Amino acid sequence: MIYFDRVSKRYGKALALEGVTLSVAPKEFVSIVGHSGAGKTTLLKLLLAEERPTEGTIFFESVDVNDLPTQALHHYRRKIGTVFQDFRLIPNKTAYENIAFAMEATGRTDSEIASDVPYILELVNLADKATHFPDQLSGGEKQRIAIGRAIINQPDLIVADEPTGNLDPINTYEVVEILKKINELGTTIVITTHNKGVVDAIGKRVVTMDAGKVVRDDEGGKYSL
Amino acid sequence: MDWMIVKRVFVGGGKNFVRGGAVSAATVLVMTVTLAIIGSLIFLSALLSFTLDTVKDKVDISVYFVTTATEPAILAVKDQLEKLPEVDTVTYMSAADALTAFRGRHANDQLTLQSLDLLGYNPLDASLTVRAKDPSKYEVIVNFLDASPALSTSGTSIIDRINYDANNKQAIDRLSLAITATRQIGLAVIILFVIASILIAFATIRLAIYTSKEEIAVMKLVGASNAYVQAPFVVEGIITGLIAAVLVLFFFWPATWYVGLKTAAWFGGFNLGQYYVSHFALIFVILMLSGILLGGVASIFAIRKYLKV
């Protein structure tokens with residue numbers, strides 16, 4: 001589903017990624033771990049086409065991401081749900097509107113939105129917070145809304161960059177459980193994390209990065225640096 | 001056109017504006033000041049034009065004819081002058097009318113009137129008062145009169161004199177220069193203020209959109225197209241411009257009424273309040289269009305930078 005073929009990325013003289021080759025099969029749950037500056041976030045940014053690689057090629061479902069013109073990026077990104085450490089909800093939209101926006105952006109009808117968004121709010125257990133703005137929600141609630149936004153269009157892949165980084169243990173547990181449930185339903189998930197407990201709780205494939213390189217790739221792995 | 005998307009864009013823009021709170025209010029305030037400056041420049045321009053036209057209207061030349069010139073001959077000259085592109089108006093005053101006017105002007109001067117009666121004939125010449133479209137064109141008109149052979153009868157010119165001597169010419173030339181310079185300087189000042197106002201409005205909208213740059217990046221990452229991200233911001237900018245324009249139009253009513261009383265006294269009858277009422281449709285259109293264009297165009301330019309995600 002995803003294939004990084006000898007991908008390198010430079011920012012000026014700094015080498016963020018060096019010759020990374022990595023493949024992810026459909027329905028996999030991959031945790032990417034590593035110290036700060038290991039290249040985890042850069043890897044995800046390249047996958048989301050936020051950045052372009054300096055060398056190498058990235059394929060998503062056989063499509064060369066580098067070849068996508070800027071005007072077509074939004075079509076590509078609709079296949080990927082994204083979750084961030086800092087939630088990145090739209091501040092002047094309610095919880096409902098934040099999730100609905102992802103559907104509106106893809107041109108879904110009002111009736112589809114009216115039927116799907118309440119269902120997703122139920123799924124992330126926030127039906128009672130539909131009219132709340134992000135600044136009225138706790139960190140865990142914000143992240144659950146962000147996950148709701150990521151899955152509303154039933155993407156093939158969910159990319160989560162440190163999704164539990166700003167959460168307390170209880171909320172971390174809830175978010176991990178939601179992600180596991182989504183994966184069980186058939187969605188591929190790639191997350192980056194520092195959290196040993198998260199990786200161990202997931203108990204799936206672990207890719208370890210260091211200084212821009214993949215240094216370990218364990219199926220059913222545990223967190224080890 | 002997909003009306004569902006259009007509706008979402010307008011609703012989104014409206015919600016952004018309402019929920020923008022202090023940022024929206026500050027943007028409206030700056031835009032109001034900008035449009036008030038543009039509106040004031042319209043008034044300043046009108047005041048300047050009125051003043052310069054008043055001064056210009058005071059300038060004319062008189063062509064006096066010999067007493068033997070017949071009225072048809074003088075009217076023939078009038079017809080020829082009226083055909084000149086430089087000429088605005090030509091007014092004929094017969095010798096009899098000139099005498100009546102003279103008597104009227106000196107009604108309280110018995111000595112002058114008695115002297116006139118003693119003469120036993122009308123000593124005043126018939127004349128044409130010529131007003132040019134532009135004060136700098138009087139020389140062309142005088143040259144035409146000097147050169148035109150059709151003005152002579154029996155080999156003698158029927159024109160007695162033209163009050164366009166060296167002193168008069170110099171005064172008219174200076175006045176013409178002053179009017180041109182004032183117009184040019186006025187125009188330059190107006191353009192300068194308009195540009196400054198537009199830049200201030202642009203900077204304010206840019207600042208308002210800067211506060212949303214993270215939000216724009218997120219919209220892009222969840223799969224929204226550039227146009228879908230941009231459009232609600234443009235709508236928000238247009239709403240800001242329209243509200244500011246309405247505020248300015250409303251504010252101008254009492255302001256021009258108050259200032260109009262003073263301008264009427266200071267500028268020979270130019271009442272700003274009356275000008276506002278009589279030109280309301282024009283000012284309404286200019287301010288509304290300026291508000292829409294400023295808000296919309298500034299938003300388009302301001303957001304472009306943040307769409308590169």
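- Per an unreviewed UniProt entry, chain B goes by Cell division protein FtsX.
- In its Sequence similarities (unreviewed entry) section, the UniProt entry covering chain B states "Belongs to the ABC-4 integral membrane protein family. FtsX subfamily."
- The UniProt entry for chain B carries the following comment under Subcellular location (unreviewed entry): "Cell membrane".

- Named according to an unreviewed UniProt entry, chain A is Cell division ATP-binding protein FtsE.
- UniProt annotates chain A under Sequence similarities (unreviewed entry) with the comment "Belongs to the ABC transporter superfamily."

**Considerations on the sheet that holds strand β4 (residues 55-60) of chain A**
One key point about sheets: their strands pair by backbone hydrogen bonds, in either a parallel or an antiparallel sense.
Residue and element names in this part refer to chain A.
Here is step 1 of the chain: If you trace the four strands from one edge of the open sheet to the other, you get β2-β1-β4-β5, paired in antiparallel fashion. Both edges of this open sheet fall to β2 (14-24) and β5 (63-64), since each of them pairs with a single strand only.
Here is step 2 of the chain: With seven bridges joining them, strand β1 (residues 2-11) and β2 adopt antiparallel strand pairing. Looking across to β2, one finds that Phe4 is bridged to Leu22.

**Focus on the environment of A:Ser62**
Here is step 1 of the chain: With respect to the element layout, A:Ser62 can be found in the loop between β4 and β5.
Here is step 2 of the chain: In the structure, A:Ser62 is positioned 59 residues away from A:Tyr3 in sequence and 8.5 Å away in space, judged by C-alpha atoms.

**Points about unusual backbone geometry**
All names here are of chain A.
Here is step 1 of the chain: Residue Ser62 is not a glycine yet carries a positive backbone phi of 70°.
Here is step 2 of the chain: Under the C-beta neighbour-count criterion, Ser62 is labelled exposed, with 7 such atoms within 10 Å.
Here is step 3 of the chain: At Phe87, a position not held by glycine, the phi torsion is positive, near 65°.
Here is step 4 of the chain: By the C-beta count within 10 Å, which is 23 here, Phe87 ends up buried.

**As for the packing of helix α9 (residues 226-266) of chain B against helix α11 (residues 280-304) of chain B**
Residue and element names in this part refer to chain B.
Here is step 1 of the chain: Here α9 crosses α11 at 150°, and the two axes come no closer than 7 Å. What the angle tells us is that α9 and α11 run roughly antiparallel. Along this stretch, α9 crosses α11, giving a crossing that reads as right-handed.
Here is step 2 of the chain: Class assignment of the residues belonging to the contact of α9 with α11 gives a composition of 16 nonpolar, eight polar and one charged.

**Considering helix α6 (residues 138-147) of chain B**
Residues and elements named next belong to chain B.
Here is step 1 of the chain: Along α6, the residues classified as buried are Tyr138, Ile141 and Leu145. What you see down the axis of α6 is that its buried residues fit within an arc of 65°, all on one side. Residues Asn143, Asp146 and Ala147 are exposed on α6 and point more than 90 degrees away from its buried face.

Cut-offs used in this document
Residues numbered from 1 in each chain as written. Chains lettered and ligands numbered in written order. Predicted model: local features only at pLDDT ≥ 70, side-chain atom pairs only at ≥ 80, totals over all residues. UniProt positions renumbered as here; feature names shortened; annotations may be inferred. Pairing = 2+ DSSP bridges. Helix = DSSP H or I, 4+ residues; strand = E, 2+ residues; numbered from the N terminus. Buried ≥ 20, exposed ≤ 12 C-beta atoms within 10 Å, placed from the backbone. Axes fitted to C-alpha atoms, helices over the stretch in contact; angles between N-to-C directions. Parallel < 35°, antiparallel > 145°, perpendicular 65-115°, else oblique. Left-handed = near helix turned anticlockwise from the far one by under 90°. Nonpolar A, V, L, I, M, F, W, Y, C, P; charged D, E, K, R; others polar. Arc of directions from axis to C-beta.

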